[in-house]
Amino acid sequence: MLKKILAIAVLASTGIAHAYTPQAGTWVVSNELNGKPGRGLAIDVQGTTLVMQMYAYDTSGNATFYLTSGTISDHKYSGTLNKYRGGRYLGSGDISGQEVGNDGVVSMRFVSGTKGFIKFPNEAEKEISRFNFSYSTSPDSLKGIWLLTSIGSSSNQAEFVKLENVIEGSGYGTGLVSTSDFRFACENITQGSNAGTVICLKLGAAGNTVRAYNFVYSVNDGEGISGPTPATAKDILVVRRLTNIELDGTGVSVKNSEPLKLLEPEVMRAAFSQLVDQMNAE
């Protein structure tokens, strides 16, 4: 039943479009993924301030640390690429690094939270992307505990689910991974207009579709749309992976899965329902 319904959902789902901020983490020049150029980027955006650290080499082959920071606006950034020398080395005492000028202006423009383009000094523009070095599109990559929060006209609700069973897929992706009762399942879609997204379905006791979810995610965070059916999905959806496949917490505090195991889905739903009610009252 899940396989058949999800296959229909893939065809019926509407597209995802929303504003975005570049995701914090390790970024790479997309065509340098073999690692031989030996340079990479660490990008973070907080509010309207972007900070990028870059490790690369100078014309003499010396490893060089770069830093640029400033305001990002309309998904675009431009700033001086400052470089540094000295500083503390392994086993040394306190040594302060020194700014030793800059190599010109670096410009970036982002087309999504995980993809953009960068123009280094004296180089043509190149594609950059958030580096995903652990999660593939296999069903196992979706295992763990997830929180899916929907806010919109059809419903304000949260789903707290543990995906653990791999079963046959829809034919449009790599295979379904479901909850233990097989009433909530997700699949990485690799074919058709929804390729590159994840589609999830919640089924009722009679096997009918209760809720549909369609989102894109990177590492532990996702965004998309949800609704009573795939064709009517338009509510804002925010997705968070709470644990990895080993049930280790992915948050800023809880790293052991035991506290998460004690949180029943009903408790999570009640807490978020109360929060949404307060927001609506305001």
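Residues numbered from 1 in each chain as written. Predicted model: local features only at pLDDT ≥ 70, side-chain atom pairs only at ≥ 80, totals over all residues. Heavy atoms only, no water.

> Looking at this structure, how should I read the sheet that holds strand 12 (residues 173–178)?
Taking strand neighbours across the sheet as the criterion, the 9 strands line up as 10-9-17-16-15-14-13-12-11 in an open arrangement whose pairing is antiparallel. Lying at the two open borders of the sheet, with one neighbouring strand each, are strand 10 (157–163) and strand 11 (165–167). Recorded for the sheet is a direction-independent mean angle of 25° between the axes of neighbouring strands. Where strand 16 (residues 221–227) and strand 17 (residues 235–241) come together, 6 bridges link them in antiparallel fashion. Paired with Glu-223 across the two strands is Val-238, which belongs to strand 17. (Pairing = 2+ DSSP bridges. Helix = DSSP H or I, 4+ residues; strand = E, 2+ residues; numbered from the N terminus. Axes fitted to C-alpha atoms, helices over the stretch in contact; angles between N-to-C directions.)

> Teacher, can you tell me more about the state of the cysteines here?
Structurally, a disulfide amounts to a covalent bond that connects the sulfur atoms of two cysteines. A complete count under the given rule lists 1 disulfide for this structure. Linked covalently through their sulfurs, Cys-186 and Cys-200 form a disulfide whose S-S length is 2.0 Å. An S-S torsion of about 110° defines the bridge between Cys-186 and Cys-200 as right-handed. Taken as a pair, Cys-186 in strand 13 (residues 184–189) and Cys-200 in strand 14 (residues 198–203) lie far apart in primary sequence, 14 residues in all. With relative accessibility at 4%, the residue Cys-186 sits in the buried group. (Disulfide = S-S within 2.5 Å. Buried < 20%, exposed > 50% of the residue type's maximum accessible area, 1.4 Å probe, protein only.)

> What is the right way to read the packing of aromatic side chains from this model?
Describing an aromatic ring pair means giving the distance of the ring centres and the angle of the ring planes. Applying the stated rule across the entire model yields 6 aromatic pairs. Ring geometry for Trp-27 versus Phe-110: centroids 5.5 Å apart, planes at 80°, classification edge-to-face. Pair noted here: Trp-27 is in strand 1 (residues 25–29) and Phe-110 is in strand 6 (residues 97–110), with a separation of 83 residues, a long-range link. Judged by relative accessible area, Trp-27 falls into the buried class, the value being 0%. Exposure remark for Phe-110: the relative accessible area of 4% places this residue in the buried category. (Phe/Tyr/Trp six-rings, centres within 6.5 Å; stacked < 30°, edge-to-face > 60°.)

> In this structure, what is going on with the nonpolar core? I would like to understand it.
With 19 residues, the main nonpolar core has Leu-41, Ile-43, Leu-50, Met-52, Met-108 and Ile-128 as its most contacted residues. Examining the composition of this core, we find that 4 residues originate from one element, strand 3 (residues 49–57), more than from any other. Leu-41 has contacts with Gly-25, Thr-26, Trp-27, Met-52, Gln-53, Met-54, Tyr-55, Ile-118, Phe-120 and Ile-128, leaving out every residue within four places of it along the chain. (Core = buried A, V, L, I, M, F, W, Y, C linked by side-chain atoms within 4.5 Å. Contact = heavy atoms within 4.5 Å.)

> Help me understand the sheet that holds strand 5 (residues 76–86), please; the structure alone is not making it clear to me.
Pairing between the strands of a sheet is mediated by backbone hydrogen bonds and can be parallel or antiparallel. The sheet built from 8 strands closes into a barrel, its strands ordered 1-2-3-4-5-6-7-8 with antiparallel pairing. Recorded for the sheet is a direction-independent mean angle of 30° between the axes of neighbouring strands. Inspection of the sheet shows strand 2 (residues 40–46) paired to strand 3 by 7 bridges, in the antiparallel sense. Counted as the bridge partner of Leu-41 is Met-54 from strand 3.

> Help me understand the pattern of salt bridges in this model?
Opposite charge on two side chains allows them to pair when their charged atoms are near. Evaluation of the coordinates by the stated rule reveals 12 salt bridges. Where Glu-123 meets Arg-39, a salt bridge forms, and the shortest distance between an N and an O atom there is 3.0 Å. Taken together, the positions of Glu-123 in the loop between strand 7 (115–119) and strand 8 (126–130) and Arg-39 in the loop between strand 1 and strand 2 put the pair 84 residues apart, joining distant regions of the chain. One salt-bridge network, in which partners are shared between bridges, spans Glu-32, Arg-39, Glu-123 and Lys-126. (Salt bridge = Lys/Arg side-chain N within 4 Å of Asp/Glu carboxyl O.)

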